[in-house]
Structures are given as C-alpha cells and as structure tokens.
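Per-entry structural report
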Amino acid sequence: MSKVKVGIIGTGNIGSDLMMKLARSEVLELTTVMGVDPSSRGMQRAKRDGYQVFENGIDGLLQYPNSVDILFDATSANAHIHNAQVAKKLGKQMIDLTPAAIGPFIVPPVNLGAYLDTDNVNLVTCGGQATIPIIHAINKVECVEYAEIVATISSKSAGPGTRANIDEFTETTAKAIEVVGGAKKGKAIIILNPAEPPIMMRDTVHVIVNNNQVNQELVADSIYKMVEKVQSYVPGYKLRTEPIFEDNKITVFLEIEGAGHYLPKYAGNLDIMTSAAVKVAEEFAKHRMETIV
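The notes below deal with the structure included here. Just so it is clear, the structure is predicted and the values come from calculations on it, not from any experiment.

Here's the deal with the packing of aromatic side chains
For any two aromatic rings, the description comes down to two numbers: the centre-to-centre distance and the angle of the planes. If you walk through the whole model with that rule in mind, you get one aromatic pair. Note on Phe54 and Tyr64: the rings are 5.7 Å apart at their centroids and 20 degrees apart in plane angle, and the pair reads as stacked. Of the two residues, Phe54 is situated in strand E3 (residues 52-54) and Tyr64 in the loop between E3 and strand E4 (70-73); the sequence distance between them amounts to ten residues.

Here it is, written out as structure tokens:
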C-alpha cells in the first residue's frame, strides 16, 4: 500500500519521538525533518537516518513543496503562527502539537471524524488528550455540568516548553473540556511532581452531572469503552481504579505509561501527544487515499 508523505517541524524530544513512531506506521512515510539547530540530537538523528533535513525550519519547504503532504508542528506556540501560514500557503495539512490552538481542537476518539479535511488541527494538551475522552464518555450518558481535571506529571518530563506554557496549558485544556468534552464548565490544573524515581503521568477527572440518581452502570460502561478506544493508540493508558460515584459526582483516576520509543516510559504526558498526533495523521492519510481513489 502506498504511503502518505509527512514531515516534522521541531527536533526536540517531541519531534524525536515522532520520528521513531512514524517509522512504525503502515500508512505514513516520514520524508522530511525541519529544525533550526543543526547540532540538536534530533537533527543529527534525522541526518543519520537519511531523511531530508532543512536547517531553516519550515521555510526550507518552500523550495521543495512536494516533499510532504502532512506536517507535524512540534515547535512552540509562537513559532506555530509562522509555520501555519507557510503550511496554508503550500496547501499542506498541519497537526499542531503546540498550545497555539489556531485550528479546532482534536481528541481522536471523540471528534476526529469531523475534521478529516481541515487544514490545521490542534491536539489541545497532554492533560486534554488523557481526560477529555473520559468527560465525553460520561457526557454521553449524563449531562456534565462541571468537569475539573488535575494532570500530574514528573518534573523530569516537563521541558522548558511545558514550563513556559503553564498558563496556556490550563486555559487551553479548560476550553477544550467544554468544547470537545461537552462540559458546561471546565477547569484544568497541572502539577509537576519532583519525586524520585520519576512518577508515571497520572490524571484525576472530577465531574458533576445534573442528575442525583446517576445511572452508574451505563456511565461505567461508557467509560470502559472509551478507555479501550484510547488504548488502541496509547497502550499504556489505563484506569487506576473503577469509577467512583457519590450522588451526582463522578471521579476517575487515570495513569499513562509511555511506550518508551524515544522518551522514558514515565513521560506518558509526552507520549500521549505524539501517539495522538500519529493517530490523527494516519486517519488523515487514509481519508486522503480514499478520496483519491
């Protein structure tokens, strides 16, 4: 089966993990890696593995527009503004892993099908990718009035980009909880845990529904089915306990273990982003091939 050509912008931890994941894809062919630091480990890896490398970021693509069909942006919110403009000019689909949120929010098992032809989509945040599927699953059964998520990650898995964008993390996640998850009001909190050895990513979802007699069996079944959907592309995603019910309050505890491709397994917060990005790109590619046929 022919593959759809993809490129990565950004050669840090996220970009490097994407390289390893894309090498395993049956529908995506990584052809091009774009960065601005020739000495970075990601750039060195890309050169060693034989990919086309641009050292002036996405601007290098202007001379070779046929190199890729789909782009991953693993840079920063500020850099994404320029990257999105160039991608749009070249007619390339863009999957945004930054907090820029220029395009619509995408959480694969919730709303990916609605945006297969969209030129720029945003993957929210790691906390959003982990918790919004659960909020959506609950909202399918009981109307969610309020949803609050607490994302706890190892300090070691929080790079300078994460630390510099804490406010964007909370604001973007809270908005997506409402827009994608379906909650009438959303709130997000992130905690950087310095524990040694580093902890796995853990997320807590607190939900209040508008029914004091919650159908616990249906809600739990909806949650379990959603967990299976997420596990199809993030195998380390799991419930730590069964859902907890108290009147109209529902609490869900999650843990995300990374695949350990490039990043350590405790960096589930980064792994769920790259895994979601590949999932979105693969569905874009399949849709593209079906449309051409």
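Moving on, there is more to tell.
Side note on the nonpolar core
As a rule of thumb, nonpolar side chains are buried together in soluble globular proteins. Membership of the largest hydrophobic core comes to 78 residues, with the highest contact counts inside it found for Phe72, Ile95, Leu97, Ile138, Val207 and Tyr237. Broken down by element, this core gets its largest block of residues, eleven residues, from helix H9 (residues 268-292). Apart from the residues within four sequence positions on either side, Ile95 is in contact with Ile70, Leu71, Phe72, Asp73, Val121, Leu123, Ala277, Val280, Ala281 and Phe284. Judged by nonpolar contacts, the second largest core, of ten residues, contains Ile58, Leu61, Leu71 and Ala87.

Quick notes on the pairing of strand E7 (residues 144-154)
Within E7, nine of the eleven residues are buried, which leaves it mostly tucked inside the rest of the structure. The sheet contact formed by E7 and strand E9 (residues 201-209) spans eight bridges and is antiparallel. Each residue of the ladder has a partner; that of Glu148, found in E9, is His206. Inspection of the sheet shows E7 paired to strand E8 (residues 185-193) by nine bridges, in the parallel sense. Bridge pairing in E8 links Val150 to Ile189.

The rules behind each value
Residues numbered from 1 in each chain as written. Predicted model: local features only at pLDDT ≥ 70, side-chain atom pairs only at ≥ 80, totals over all residues. Heavy atoms only, no water. Phe/Tyr/Trp six-rings, centres within 6.5 Å; stacked < 30°, edge-to-face > 60°. Helix = DSSP H or I, 4+ residues; strand = E, 2+ residues; numbered from the N terminus. Core = buried A, V, L, I, M, F, W, Y, C linked by side-chain atoms within 4.5 Å. Buried < 20%, exposed > 50% of the residue type's maximum accessible area, 1.4 Å probe, protein only. Contact = heavy atoms within 4.5 Å. Pairing = 2+ DSSP bridges.

Purely geometric stuff here, so don't read any function into it on its own.
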